[in-house]
Amino acid sequence: MIIKANTEGLCVLLNAIVNALAYPQSNGIAEVFDGDAEYYQVLVQQTSTHEKLAPIPYQEEHEPK
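About the thresholds
- Residues numbered from 1 in each chain as written.
- Predicted model: local features only at pLDDT ≥ 70, side-chain atom pairs only at ≥ 80, totals over all residues.
- Heavy atoms only, no water.
- Helix = DSSP H or I, 4+ residues; strand = E, 2+ residues; numbered from the N terminus.
- Buried < 20%, exposed > 50% of the residue type's maximum accessible area, 1.4 Å probe, protein only.
- Contact = heavy atoms within 4.5 Å.
- pLDDT = per-residue confidence, 0-100.
- Patch = residues over 30% accessible without salt bridge, like charges linked within 9 Å, V, L, I, M, F, W, Y side chains within 5 Å.
- Areas by Shrake-Rupley, 256 points an atom, 1.4 Å probe, with all protein chains shown as cover.
- Salt bridge = Lys/Arg side-chain N within 4 Å of Asp/Glu carboxyl O.
- Pairing = 2+ DSSP bridges.
- Expected span 1.5 Å × (residues − 1).
- Arc of directions from axis to C-beta.

Describing the overall build of the chain
Point 1. Per the secondary structure count, the chain includes one helix and two strands.
Point 2. Reading the chain from its N terminus to its C terminus gives the helix and strand order α-β-β.
Point 3. For the chain, the proportion of its 65 residues judged to be buried stands at 9%.
Point 4. The contacts in the chain between residues at least 6 apart in sequence include a share of 19% that link residues at least 24 apart.

Structure, rendered in structure tokens:
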């Protein structure tokens, strides 16, 4: 994975990571745009077990509207 972003975008992602670390019971969320200006939510979640690191299948409820 390669992440390319301006300073503002990196700060948004950093804040989501910090929130996931500070509040492990909830997700850190970053609202981002890709190179085609499509909107996505990035969920950052802390886990302590290998089983929880398994890939998460794509879920339509997280699809931008």
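What to know about the confidence of the model for the chain
Point 1. On average, residues of the chain score 79 in pLDDT, and 77% of them are at 70 or above.
Point 2. At the level of individual helices and strands, the chain shows its lowest average pLDDT in strand 1 (residues 28–33), which scores 85, and its highest in helix 1 (residues 7–22), which scores 90.

What to know about a nonpolar patch on the surface
Point 1. Judged by side-chain polarity, Met1, Ile3 and Leu10 come together as a nonpolar surface patch covering roughly 390 Å² of accessible area.
Point 2. Along the chain, the position of Ile3 falls in the segment before helix 1.

Considerations on unusual backbone geometry
Point 1. Within the chain, Ala37 stands out as a residue other than glycine whose phi angle is a positive 65°.
Point 2. Considering the arrangement of structural elements, one finds Ala37 in the loop between strand 1 and strand 2 (39–44).

Things to note about the pairing of strand 2
Successive side chains on a regular strand alternate, one facing one side of the sheet and the next facing the other.
Point 1. Where strand 1 meets strand 2, six bridges bridge the pair, whose relative direction is antiparallel. Note that in strand 2 the partner of Ile29 across the bridge is Leu43.
Point 2. Joining the antiparallel neighbours strand 1 and strand 2 is a turn of five residues, in which Ala37 adopts a positive phi near 65°.

Observations regarding helix 1
Point 1. End to end, helix 1 covers 22 Å across 16 residues, agreeing with the expected 22 Å (1.5 Å per residue, within 8%).
Point 2. The set of residues buried in helix 1 consists of Leu13, Ala16 and Ala20. One side of helix 1 holds all its buried residues, which, seen down the axis, span an arc of 55°. Opposite the buried face of helix 1, by more than 90 degrees, sit the exposed residues Thr7, Glu8 and Leu21.
Point 3. The secondary structure elements touched by the buried residues of helix 1 are strand 1 and strand 2.

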